[in-house]
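# Survey of secondary and tertiary structure
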Amino acid sequence: LADWRRRLAAHIRARLGGGAEGGIAAALATGDQHGIPEEDAEAMRRSGLAHLLSVSGLHLTAVVGAVMLLTLKLLALSPTLALRFRLVLIAAGAGALAGIAYTLLTGAEVPTVRACIAALLVLAGIAIGREALTLRLLAVGALFVLLLWPESLAGPSFQLSFAAIAAIVALHEHPRVQALISRRDEGAPAKVGRFLLALGLTGLAVEVALAPIALFHFHRSGLSGAAANIIAIPLTTFVIMPLEALALLLDPLGLGGPLWCLTGQSLNFLVRLAHAAAGAPGAVALLPAMPRGAFALMAAGG
């Protein structure tokens, strides 16, 4: 696996060049960040986008969700399969296999393993007909992780990931938010506007929830990072990763060239966004250490 990972990273960098685009694309697919120039890596850190370079829940969710959706849509093309089998269950199984394979491919680091466990719990909930994301399921996932890695409770990775998911679930379970962003029969512009509103509200809620944790552990904050993440996260999840996956799938047929071009342009935009956010006034504000009592109060308030 390690040898295959190195060859895959080298192939991706060869297709996109040796710059930041190739390095970031290799990091998204294999977890190997060595090909990213230091100047661009520092811009990603200063802009609050460095989390996109480390394979975690965001990337695993994108892979599992894409495989589930693709499997479901392809199988539903057959009326016989659609009427005789529970296609959602089959799609959940395919998503689980894809999540496990992606975890192994990227080195099975502890944050990725935690994200994989959480994804498998969500898929199990879908398979037995339960609501996919609830605070109960989040509690079960956190309990499972703490049974295996109790020391992770004190680390920023556990706190940031579970606080982000808790903020998302709590926001989307609120009746007023559900009434505001739920799907309805309306025109395409209104649907797009509602989707962007949901995206913006979710990004804002996550940033508010994570700010105290980031301040406590890293003693730095920046307003431009919140805005950059609202653009960069959907760009990475819905554009860059699907384009890269399709390009890799079509490469054996010699048809991946146009998709690599689009992937490179999307990554170039991401890098320019990182540099713009990192260079904005007040992009990074260094702050003194936060008293533990204050952090405990913030966590309890959250």
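The notes below deal with the structure included here. Residue numbers here run from 1 along each chain, matching the order of that chain's written sequence. Only residues with pLDDT of at least 70 are given local features in this predicted model, and only at 80 or more are side-chain atom pairs given and counted; all residues enter the totals for whole chains, interfaces and linings. Excluding hydrogens and water, the side-chain values take into account all heavy atoms of the structure.

## Some words on the packing of helix 1 (residues 2–16) against helix 2 (residues 20–30)
For clarity, the cut-off: Fitting a line to C-alpha atoms yields each axis, with helices limited to the stretch in contact; the angle taken between N-to-C directions then spans 0 to 180 degrees. Numbering of helices and strands runs from the N terminus, with a helix taken as a DSSP run of H or I at least four residues long and a strand as a DSSP run of E at least two residues long. With the far helix as reference, a near helix turned anticlockwise by less than a right angle produces a left-handed crossing, and one turned clockwise produces a right-handed crossing. Residue contacts are defined here by distance: any two heavy atoms, one from each residue, within 4.5 Å place the two residues in contact. Classification convention: Asp, Glu, Lys, Arg as charged; Ala, Val, Leu, Ile, Met, Phe, Trp, Tyr, Cys, Pro as nonpolar; all other residues, Gly among them, as polar.
Interaxial distance between helix 1 and helix 2 falls to 8 Å at its minimum, and their mutual angle equals 150 degrees. Read as a crossing pair, helix 1 and helix 2 show a hand that is right-handed. On the side of helix 1, the interface is formed by Arg 5, Leu 8, Ala 9, Ile 12, Arg 13 and Leu 16, while helix 2 contributes Glu 21, Gly 22, Gly 23, Ala 25, Ala 26, Ala 29 and Thr 30. Taken together, the residues of the contact of helix 1 with helix 2 sort by class into 7 nonpolar, 3 polar and 3 charged.

## A few points about the packing of helix 3 (residues 38–46) against helix 13 (residues 257–278)
Heads up, the rule is: Working rule for angles: under 35 degrees goes down as roughly parallel, over 145 as roughly antiparallel, 65 to 115 as roughly perpendicular, anything else as oblique.
Contact geometry for helix 3 and helix 13: axes closest at 8 Å, N-to-C directions at 60 degrees. Taken together, the axes of helix 3 and helix 13 lie oblique to each other. Judged by the sense of rotation from one axis to the other, the crossing of helix 3 with helix 13 is left-handed. Only Leu 270, Val 271, Ala 274, His 275 and Ala 278 of helix 13 make contact with helix 3, whose side of the interface consists of Glu 39, Asp 40, Ala 43, Met 44 and Arg 46.

## Notes on the pattern of salt bridges
Threshold: Salt bridges, as used here, are contacts in which a Lys or Arg side-chain nitrogen is within 4 Å of a carboxyl oxygen on Asp or Glu. Classification of residues uses two cut-offs on accessible area relative to the type maximum, computed with a 1.4 Å probe and protein chains only: under 20% is buried, over 50% is exposed, and between them is partly exposed.
Counted by the stated rule, this structure contains 5 salt bridges. The salt bridge partner of Asp 3 is Arg 6, with a shortest N-O separation of 3.8 Å. Of this pair, Asp 3 and Arg 6 both sit in helix 1, 3 residues apart, which is roughly one turn of the helix. By relative accessible area, Arg 6 is classed as exposed at 54%. Across the salt bridge formed by Glu 38 and Arg 45, the nearest N and O atoms sit 2.5 Å from each other.

## Brief notes about helix 11 (residues 188–218)
Note on helix geometry: an α-helix contains 3.6 residues per turn, so any two residues three or four positions apart are oriented the same way. To keep it simple, the criterion reads: The span one expects for a helix is its residue count, reduced by one, times 1.5 Å.
Across its 31 residues, helix 11 extends 42 Å between first and last C-alpha, which sits within 8% of the 45 Å expected from 1.5 Å per residue. Every buried residue of helix 11 is accounted for by Arg 194, Ala 198, Thr 202, Gly 203, Val 206, Leu 210, Pro 212, Ile 213 and Phe 216.

## Description of the nonpolar core
This is how it is decided: Working definition of a nonpolar core: buried Ala, Val, Leu, Ile, Met, Phe, Trp, Tyr and Cys residues. They are joined through side-chain atoms within 4.5 Å.
Membership of the largest hydrophobic core comes to 50 residues, with the highest contact counts inside it found for Ile 12, Ile 24, Leu 49, Leu 60, Leu 267 and Leu 270. Among the elements that make up this core, the one with the highest residue count is helix 13 (9 residues). Counting residues in each nonpolar core, the second largest holds 8 residues, with Ala 164, Ile 213, Phe 216 and Met 290 among its members.

## Looking at the packing of aromatic side chains
Rules: The rule is short: rings of Phe, Tyr and Trp, with Trp giving its six-membered ring, pair when the centres are within 6.5 Å, and they are stacked under 30 degrees, edge-to-face over 60, tilted in between.
Within this structure, the stated rule accounts for 2 aromatic pairs. Taking 4.6 Å as the distance between ring centres and 40 degrees as the angle between the ring planes, the aromatic pair formed by Phe 158 and Phe 162 counts as tilted. Residue Phe 158 and its partner Phe 162 are located together in helix 9 (residues 156–173), separated by 4 residues, close to a single helical turn. In this structure Phe 162 comes out as buried when scored by relative accessible area, which is 13%. Considering the side-chain rings of Phe 216 and Phe 295, the 4.1 Å spacing of their centres and the 5 degrees angle between planes classify their relative orientation as stacked. Placement of Phe 216 in helix 11 and of Phe 295 in helix 14 (residues 292–301) is noted, with a sequence separation of 79 residues between them. Owing to a relative accessible area of 18%, Phe 216 belongs among the buried residues under this scheme. Judged by its relative accessible area of 13%, Phe 295 falls in the buried class.

These figures come from the coordinates and say nothing about function on their own.
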